[in-house]
Amino acid sequence: MIVVLLGPPGAGKGTQGERIAASLGVPKIATGDVLRAAVKAGTPLGLEAKGFMDRGDLVPDAVILGMMKEALKAPEQAKGVVLDGVVRTVPQAEGLAAVLSELGRPLDAVMLFEISDDLLVSRLSGRTVCDCCQTPFTARAPGELHAECAKDPKGTLVRRKDDEPDAIRNRLHVYQQQTAPVIAWYRDQHAHIVSIDAVGSLADVQARALSALGRS
Ligand code: AMP
């Protein structure tokens, strides 16, 4: 099963993507995680992507399309894949459609995570992530940030540069300008779009997502 997760930054695509992928028994590809690992390792991809990411801008389509093609052709993706953070522009949606058609594979569902801007800003500004395993942690109360990773004892929790207020505002603007039109593009293609209310406990949102995929 191939599923694309769409929704604004902070809607919970990463966390739910992990859970959905585990329930479907397929891997998850998160372009943001791949790019952050490249930045950390100082690879040419990371050096190219860093400035865009720090500002909350999108990395150019050509870079993302190259990564996506390579990833989808890998044998681990034979059973399916959950795509988190790809696609973010109409050219990326077109590129994904072309690669899937070349591979003779259908896109089974586009899952749209819905949540208000106010909640996104408060989630993102209270978020820290593990610098080793990338697990995000959201503050339980305003101003209180988690300090230790519950999953990886070697990990240190850090704030993402693009979770600073200016970058958050820019990411929400970029989402409206460049990613929201992807929803209309998929509607025009008659894709199977499922909308998920992304507000609620992790378990509740996961249950909604799996039931929308017919896997409760
Ligand atoms: P994320 O972890 O999904 O919030 O992604 C973090 C950052 O990585 C984004 O703000 C972009 O700078 C970059 N990025 C991730 N995926 C894409 C994509 N599909 N297209 C362009 N830029 C991306």
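Residues numbered from 1 in each chain as written. Predicted model: local features only at pLDDT ≥ 70, side-chain atom pairs only at ≥ 80, totals over all residues. Heavy atoms only, no water.

Asker: Can you walk me through the confidence of the model for the protein in this structure?
Answerer: Note: predicted coordinates in regions of low pLDDT should not be interpreted at a detailed level. In the predicted model, the protein carries a mean pLDDT of 91, and the fraction of residues at 70 or more is 97%. Within the protein, strand β6 (residues 136-138) has the poorest average pLDDT of any element, 84, and strand β1 (residues 2-6) the best, 97. (pLDDT = per-residue confidence, 0-100. Helix = DSSP H or I, 4+ residues; strand = E, 2+ residues; numbered from the N terminus.)

Asker: It is not clear to me how unusual backbone geometry should be interpreted in this structure. Could you clarify?
Answerer: Across the chain, the bulk of peptide bonds are trans and the bulk of non-glycine residues have phi less than zero. For the peptide bond that leads from valine 86 to valine 87, omega is 20°, which places it in the cis range. For valine 87, the position within the fold is in the loop between β3 (81-84) and α5 (90-103). Phi angles above zero are rare outside glycine, and glutamine 134 is one such case at about 70°. One can find glutamine 134 in the loop between β5 (127-130) and β6. The phi dihedral of histidine 190 is positive, around 60°, even though this residue is not glycine. Residue position: histidine 190 is located in the loop between α7 (165-188) and β8 (193-197). Relative accessible area serves as the criterion here: at 72%, histidine 190 is assigned to the exposed category. (Buried < 20%, exposed > 50% of the residue type's maximum accessible area, 1.4 Å probe, protein only.)

Asker: Quick question: what am I supposed to make of the pairing of β5 here?
Answerer: Where a strand is regular, its side chains alternate between the two sheet faces. Taking every second residue as pointing to the same face, both faces of β5 are buried, with Arg127 and Val129 on one and Thr128 and Cys130 on the other. Here β5 runs beside β6; their pairing, made up of three bridges, is antiparallel. Within β6, the position partnered with valine 129 by the bridge is proline 136. From the end of β5 to the start of β6, which pair antiparallel, there are five residues, and glutamine 134 there has a positive phi angle of about 70°. Judged from the two bridges that link them, β5 and strand β7 (residues 157-158) form a sheet pairing that is antiparallel. Residue pairing in the sheet places valine 129 in a bridge with valine 158 of β7. (Pairing = 2+ DSSP bridges.)

Asker: Please explain the layout of surface pockets as it appears in this structure.
Answerer: Gaps between atoms show up when a probe of the same size as a water molecule is rolled over them. When its volume is computed, the second largest pocket comes out at roughly 390 Å³. Lining the second largest pocket we find 17 residues, and of these Arg36, Val39, Val158, Arg160 and Lys161 sit closest to its centre. Mapped by element, the contributors of at least two residues to the lining of the second largest pocket are α2 (31-41), α3 (44-55) and β5. A total of four residues in the lining of the second largest pocket trace back to one element, the largest contributor, which is α2. Considered class by class, the residues forming the lining of the second largest pocket number seven nonpolar, one polar and nine charged. (1 Å grid on protein atoms, 1.4 Å probe; cavity = no way out; pocket = protein on both sides within 12 Å on 5 of 7 lines; lining within 4 Å. Points joined across faces, edges and corners; volume = space filled by probe spheres on them. Nonpolar A, V, L, I, M, F, W, Y, C, P; charged D, E, K, R; others polar.)

Asker: It is not clear to me how the sheet that holds β3 should be interpreted in this structure. Could you clarify?
Answerer: Either a parallel or an antiparallel arrangement is found when strands of a sheet pair, and the pairing is made through backbone hydrogen bonds. Pairing is parallel in the open sheet, where five strands are placed in the order β2-β3-β1-β4-β8. In this open sheet, the two strands that pair with only one neighbour each are β2 (28-30) and β8. In this sheet, neighbouring strand axes are inclined to one another by 20° on average, regardless of whether the strands run parallel or antiparallel. Of the strands in this sheet, β1, β2, β3 and β4 (109-114) are in contact with helix α1 (residues 13-24), which crosses β3 at around 175°. Along the sheet, helix α8 (residues 202-212) makes contact with β4 and β8, crossing β8 at roughly 165°. (Axes fitted to C-alpha atoms, helices over the stretch in contact; angles between N-to-C directions. Contact = heavy atoms within 4.5 Å.)

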